[in-house]
Amino acid sequence: MKQVSLLVIFLTFFACKKEYQPENKIKEDVTFLADDKLEGRGTGTEGERIAADYIAKRFKSLGLEGKGTDGYFQDFTFTPKKDPHSEVKYSEETSDSTITGRNILAYLDNNAEQTIVIGAHYDHLGYGAEGSLYRGEEKQIHNGADDNASGVAVMLNLAGKLKETNKSNNYLFMAFSGEEMGLLGSNYFVKNTTLPVGSINYMMNMDMVGRLKADSTLAVYGTGTSPIFKQTITANNDLFKIVEHESGVGPSDHTSFYLNDIPVLHFFTGQHEDYHRPSDDSDKLNYEGMEMISDYIYTIISDLDDNGELAFKKTKSDTQDTPRFKVTLGVVPDYLYSEKGMRIDGVTEDKPAHAAGMLKGDVVIQMGDIEIEDMMGYMKALSKFEKGNTTTVKVKRGEEVIELEVTF
């Protein structure tokens, strides 16, 4: 009779035991990180430290162990650039002229030989600083909800999903500091790794994934950095219009890993008129879209789980042939546009494009005598002009082609 009772208790326990359900705090995480109280999370500021403490607590609540040099934290001190052409210098000592950033690292140990790095930068521009596109006289907080509280929130969401699944790799979840000042946190990490760099299988990066548009266009960078990536992102996609970029080099933290011969994938929903402005706030994000992106990345990781160590492949850099130019049109390009021309996603006031009457949605198809095939063609055409030049620019507006006179 006693044995029967024990059996009943045993069966009842397993019947009542709930299957693990990963939490979804995407909106909650963004709302905290993009709050005015954090004053824009400028690198080395008190607001960034508050954000770092919050992310570390979130990692701890998920049961992840710290993998920094001090618990979850990896601090780095540097002397900022004095001009755009100088280099940042890392330092062992702090002084009035240095800034200390803080990476946050959490580890999920599955006793595997290889580790996947899943990262997103959490710093932003504070009250503006270099890089701001805000032109108002009164300084304002740049909350950076899309750039990049969105990426951090998706990274934390993935940590919850991966906690109980896909055990063939370990996972290192990282929130990088200093990205806005030149990929400083990720650059410092790959030079001062807290695990063997050779054990890193591949790296996933999310930077600005909060503004998925109605057509569900998602840019994926680094698709050429491993032979298996293109097949994998295509086979697991039935929701997005994917715009592929093969290069592992770009203006976000995945570049630091690619330059150390690590395959990378970087996810991006495109720029917008609030980019690097005070108006990049949490109420403008597409949270359902962020959940879709998290699910998609999780599916990719799951598909690659039994593939062992991925092969690395060098790619042609998208930036190595980038022309230098002395003038600007004053527009935000649509980086997700894949047809002929360069589509404008935003127009800056008091710049040449605004004065000429260009509008958001216009597609630049010709500048002077130069036809514009794509983004690179637009930049090459722009490099031919100098300040004071006047030229005719053809734009496609709907089905109509309009000629506008532009003075740089």
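These remarks concern the structure in this document. Note that the coordinates shown come from a computational prediction; the quantities given were computed from them, not determined experimentally.

## Points about the overall build of the protein
Then, in step 1: Of regular secondary structure, the protein possesses 10 helices and 16 strands.
Then, in step 2: What you see for the protein is a C-alpha radius of gyration of 23 Å, in line with the 22 Å of a compact globule of 408 residues.
Then, in step 3: For the protein, the C-alpha atoms occupy an extent of roughly 95 × 55 × 40 Å along the three principal directions.
Then, in step 4: Counting only residues that meet the buried cut, the protein has 52% of its 408 residues in that class.
Then, in step 5: Of the contacts made within the protein by residues no fewer than 6 positions apart, 74% connect residues no fewer than 24 positions apart.
Then, in step 6: Within the structure as shown, the protein displays about 19,800 Å² of accessible surface, and the carbon and sulfur contribution to it stands at 48%.
Then, in step 7: Side-chain charges in the protein split into 43 positive and 65 negative, and the spacing between the mean points of these groups amounts to 1 Å.

## A closer look at the packing of helix α2 (residues 26-33) against helix α3 (residues 46-61)
Then, in step 1: The geometry of α2 relative to α3 is characterised by a closest axis approach of 10 Å and an angle of 160° between their N-to-C directions. Relative to α3, α2 is oriented roughly antiparallel. Seen along the crossing, α2 lies across α3 with a hand that is right-handed. Across from E28, D29, F32 and L33 in α2, the residues of α3 making contact are I50, A51, Y54, I55 and R58.

## A few points about the pattern of salt bridges
Then, in step 1: Under the counting rule described, the total for this entry stands at 17 salt bridges.
Then, in step 2: Across the salt bridge formed by R58 and D29, the nearest N and O atoms sit 2.9 Å from each other. Of this pair, R58 sits in helix α3 while D29 sits in helix α2; the two residues are 29 residues apart in sequence, bridging distant segments of the chain. There is no split in this pair, since R58 and D29 are both buried.
Then, in step 3: For the salt bridge of K161 with D295, the shortest nitrogen-to-oxygen distance reads 3.3 Å. Placement of K161 in helix α4 (residues 145-162) and of D295 in helix α8 (residues 287-304) is noted, with a sequence separation of 134 residues between them.
Then, in step 4: With relative accessibility at 14%, the residue K161 sits in the buried group.

## A look at the pairing of strand β12 (residues 342-347)
Then, in step 1: Bridge count for strand β11 (residues 331-333) against β12 is 3 bridges, and the pairing is antiparallel. From the neighbouring strand, V332 faces β12, where its bridge partner is G346.
Then, in step 2: Where β12 meets strand β13 (residues 363-367), 2 bridges bridge the pair, whose relative direction is antiparallel. Of the residues in β13, the one forming a bridge with R343 is V363.

## Section: the nonpolar core
Then, in step 1: Judged by nonpolar contacts, the single largest core of 57 residues is most densely connected at F59, I104, I118, F173 and F267.
Then, in step 2: If one sorts the elements of this core by residue count, α4 sits on top with 10 residues.
Then, in step 3: Aside from chain neighbours lying at most four places away, what touches F173 is F59, L64, I104, L105, A106, L108, I118, M155, L158, A159 and L162.
Then, in step 4: In this structure, V364, F385, V395 and L404 belong to the second largest nonpolar core, which totals 22 residues.

Here is what the cut-offs are and how they apply
Residues numbered from 1 in each chain as written. Predicted model: local features only at pLDDT ≥ 70, side-chain atom pairs only at ≥ 80, totals over all residues. Heavy atoms only, no water. Helix = DSSP H or I, 4+ residues; strand = E, 2+ residues; numbered from the N terminus. Rg over C-alpha atoms; globule rule 2.2 N^0.38 Å. Buried < 20%, exposed > 50% of the residue type's maximum accessible area, 1.4 Å probe, protein only. Contact = heavy atoms within 4.5 Å. Areas by Shrake-Rupley, 256 points an atom, 1.4 Å probe, with all protein chains shown as cover. Lys, Arg positive; Asp, Glu negative; His and termini not counted. Charge placed at Lys NZ, Arg CZ, Asp CG, Glu CD. Axes fitted to C-alpha atoms, helices over the stretch in contact; angles between N-to-C directions. Parallel < 35°, antiparallel > 145°, perpendicular 65-115°, else oblique. Left-handed = near helix turned anticlockwise from the far one by under 90°. Salt bridge = Lys/Arg side-chain N within 4 Å of Asp/Glu carboxyl O. Pairing = 2+ DSSP bridges. Core = buried A, V, L, I, M, F, W, Y, C linked by side-chain atoms within 4.5 Å.

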